[in-house]
Amino acid sequence: MPGVSARGLSLEQRRQLAVNLTRVLARYRSILDAYIIEFFTDNLWGTLPGSWQEALDGLNPPQLATQLLGMPGEGEVVRYRSVWPLTLLALKSTAYALAFTRTPGFQTPSEFLENPSQSSRLTAPFRKHVRPKKQHEIRRLGELVKKLSDLTGCTQVVDIGSGQGHLSRFMSLGLGLMVKSIEGDQRLVERAQRLDQELLQALEKEEKRHPQVVHAGPRHSPHHVVRWVEPTALCEELLLPLETLPRSGARLLLTGLHACGDLSVTLLRHFSRPEVVALASVGCCYMKLSDPGGYPLSQWVAGLPSCELPYRLREGACHALEEYAERLQKAGPALRTHCYRAALETVIRGARPELRRPGVQGIPRVHELKIEEYVQRGLQRVGLDPQLPLNLAALRAHQAQENRVVAFFSLALLLAPLVETLILLDRLLYLQEQGFHAELLPIFSPELSPRNLVLVATKRPLGEAFSLLETEDN
């Protein structure tokens, strides 16, 4: 995805970017605020300018992927079906120009060229129980943490929200780092400890089979701690060194792989402590941020007009633009799900006007159902009579607007990265206001892991050494 590189922007450039983002988001708030399931009940198509409707109406999914969500590569030209209004073209250009690029320094993860299910950069014991997406993530983040640890003289890594411990195991048993894992769910910690023992046994067997491969130094399993980390209070357990380290000599590096909601903010707040020397955090689930408290963090963004990001905007920022564009290109029948759900909403409100946007438990194989069959199953899932009389003509008319529903959703998705950019920019400015040094790097392949920007912070500038964190090893 094109966009602005977060790396190397001056303080003034970051502040100006925040100003531009708040202005653009305020201008197009109606699109971002909309719920696609209310496409028919709230006439969302009618809220668009007439010239936009004319340009987008009739575009099939692959055309939407190319003309709205796609940007031409070098030497390529996007050919539009009709003359688009300048306002729509300006929206598209602005959306790409102001969003932090999520394009990493590699085009395709080289680790999956031989087998899309197995990373060639991880040995078999580290791949066991780990899906390809997570294999890619733990390897990339783990190796970045190792480099950052070497650059800052870190003595211990603290993995916050460690879950089943896949990242912690790779950093400790694969990269030789001293790791403390903190997770609030007792069951996940017990599972992580079992997987630690299973991995140790597998590594010992591997060494016996290949005695010529000498492991450098002793292996240290992660030290697991069951502890909920409160978003508004410092956690002393998080800051305590392991017993093998004297407190006076502890130099901690905090990390979190897709630390959910306020947990990523908590990492930033702990960074001010003197024993913490570095931070590498990949956030997610922006809709779970406390309001107020989780955003805005920086004084600069908090002082901007229209800086507010309601729940709907933050939730939209978690969607996967690249993955949806690929779905549009394939034009599969599953794209009709939004249209079917929006049609169901009209029936629900006709029967119970006070029931708005109820959660509908997943309906399997939607694309194989007729719209009336989907509506009947949906009614049953929200506690209404599935045998309610249906206006089949109205349902068919809704179904005929499937491409319009997809087009509106694509517009919202085009703007969504601007919300994520503002949230992450706010975090950069928050750290910078305290005199720290912070950058953002696209670390994962966005097709595999859409939340792929890692926030790296240090107490002292790394200068040219920072470029070592961006390299993709061959």
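Attention here is on the structure that accompanies the text. Residue numbering note: each chain is counted from 1, following its sequence as written. The predicted origin of the model limits local features to residues at a pLDDT of at least 70 and limits the giving and counting of side-chain atom pairs to 80 or more, whereas totals for whole chains, interfaces and linings rest on all residues. Computation of side-chain values: all heavy atoms of the structure, hydrogens and water removed.

**What about the overall build of the protein?**
Okay, so step 1: Helix and strand assignments come from DSSP, with helices taken as H or I runs of at least 4 residues and strands as E runs of at least 2, each series counted from the N terminus. Across its full length, the protein holds 18 helices and seven strands.
Okay, so step 2: Two things to know: the radius of gyration comes from C-alpha atoms, and the globule rule equals 2.2 Å times the number of residues to the power 0.38. Relative to the compact-globule value of 23 Å for 474 residues, the protein shows a C-alpha radius of gyration of 24 Å, a close match.
Okay, so step 3: Principal-axis analysis of the C-alpha atoms places the extent of the protein at approximately 75 × 50 × 45 Å.
Okay, so step 4: Each residue is assigned to one of three classes by its accessible area relative to the maximum for its type, calculated with a 1.4 Å probe on protein chains only: buried under 20%, partly exposed between the two thresholds, exposed over 50%. Burial statistics for the protein: of 474 residues in total, 52% are counted as buried.
Okay, so step 5: Every residue pair with non-hydrogen atoms within 4.5 Å of one another is taken to be in contact. Long-range contacts, defined here as pairs at least 24 residues apart, represent 75% of the contacts in the protein between residues at least 6 apart.
Okay, so step 6: Charge counting follows a simple rule: Lys and Arg are positive, Asp and Glu are negative, and His as well as the terminal groups are ignored. Charge positions are represented by NZ for Lys, CZ for Arg, CG for Asp and CD for Glu. Looking at the protein, you have 55 positive and 50 negative side-chain charges, and the mean spots of the two groups are 2 Å apart.

**Focus on the pairing of strand 6 (residues 437-442)**
Okay, so step 1: Here strand 6 lies mainly inside the structure; five of its six residues are buried.
Okay, so step 2: Here a strand pair is declared whenever DSSP counts at least two bridges between the two strands. Here six bridges tie strand 6 to strand 7 (residues 453-458), and the two strands are oriented antiparallel to one another. Residue pairing across strands places Glu439 opposite Val456, the latter belonging to strand 7.

**A closer look at the state of the cysteines**
Okay, so step 1: Criterion for a disulfide: a pair of cysteine sulfur atoms within 2.5 Å. Per the stated rule, a full pass over the model turns up zero disulfides.
Okay, so step 2: Cys307 takes part in no disulfide bond, and the closest cysteine sulfur to it belongs to Cys318, at a distance of 19 Å.

**Structural notes on the side chain of Arg127**
Okay, so step 1: Structurally, the position occupied by Arg127 is in helix 6 (residues 124-127).
Okay, so step 2: Here a salt bridge means any side-chain nitrogen of Lys or Arg lying within 4 Å of a carboxyl oxygen belonging to Asp or Glu. Of the side chains with opposite charge, Glu114 lies nearest to the buried Arg127, which makes no salt bridge, at 8.4 Å.
Okay, so step 3: We call two N or O atoms a polar contact when they sit within 3.5 Å, provided that within protein one can donate a hydrogen and the other can accept it, with sequence-adjacent residues counted only if both atoms are side-chain atoms. A polar contact is formed between the side chain of Arg127 and the backbone oxygen of Leu122, at a distance of 2.6 Å.
Okay, so step 4: Not counting the four nearest positions on each side in its chain, Arg127 is found in contact with Gln118, Ser119, Leu122 and Gln135.

**Digging into the packing of helix 7 (residues 132-152) against helix 8 (residues 166-174)**
Okay, so step 1: Every axis in this analysis is a line fitted to C-alpha atoms, fitted for helices over the stretch in contact. Angles between the N-to-C directions lie between 0 and 180 degrees. Where helix 7 contacts helix 8, the axes come no closer than 9 Å and their chain directions differ by 45°. Relative to helix 8, the element helix 7 lies oblique. The handedness of the crossing between helix 7 and helix 8 comes out as right-handed. Across the interface between the two elements, Lys134, Ile138, Arg139, Leu141, Gly142, Glu143 and Val145 of helix 7 pack against His166, Leu167, Phe170 and Met171 of helix 8. By definition in this entry, angles of less than 35 degrees are roughly parallel, angles greater than 145 are roughly antiparallel, angles of 65 to 115 are roughly perpendicular, and the rest are oblique. Helix crossings get a hand from a simple test, with the near helix turned counterclockwise from the far one by less than a right angle marking a left-handed crossing and a clockwise turn marking a right-handed one.

**As for the pattern of salt bridges**
Okay, so step 1: Under the criterion given, the structure shown has 27 salt bridges.
Okay, so step 2: Here Arg349 and Asp42 are joined by a salt bridge, their closest N and O atoms 3.8 Å apart. Of the two residues, Arg349 is situated in helix 15 (residues 337-351) and Asp42 in the loop between helix 2 (29-33) and helix 3 (50-56); the sequence distance between them amounts to 307 residues.
Okay, so step 3: Among the residues examined, Asp42 registers a relative accessible area of 35% and is labelled partly exposed.
Okay, so step 4: As a salt-bridge pair, Arg273 and Glu275 come within 3.6 Å of each other at their nearest N and O atoms. For the residue pair Arg273 and Glu275, the accessibility class agrees, reading buried in each case.
Okay, so step 5: By sharing partners, the salt bridges in this structure join Glu38, Asp42, Arg341, Glu345, Arg349, Arg356 and Arg357 into a single network.

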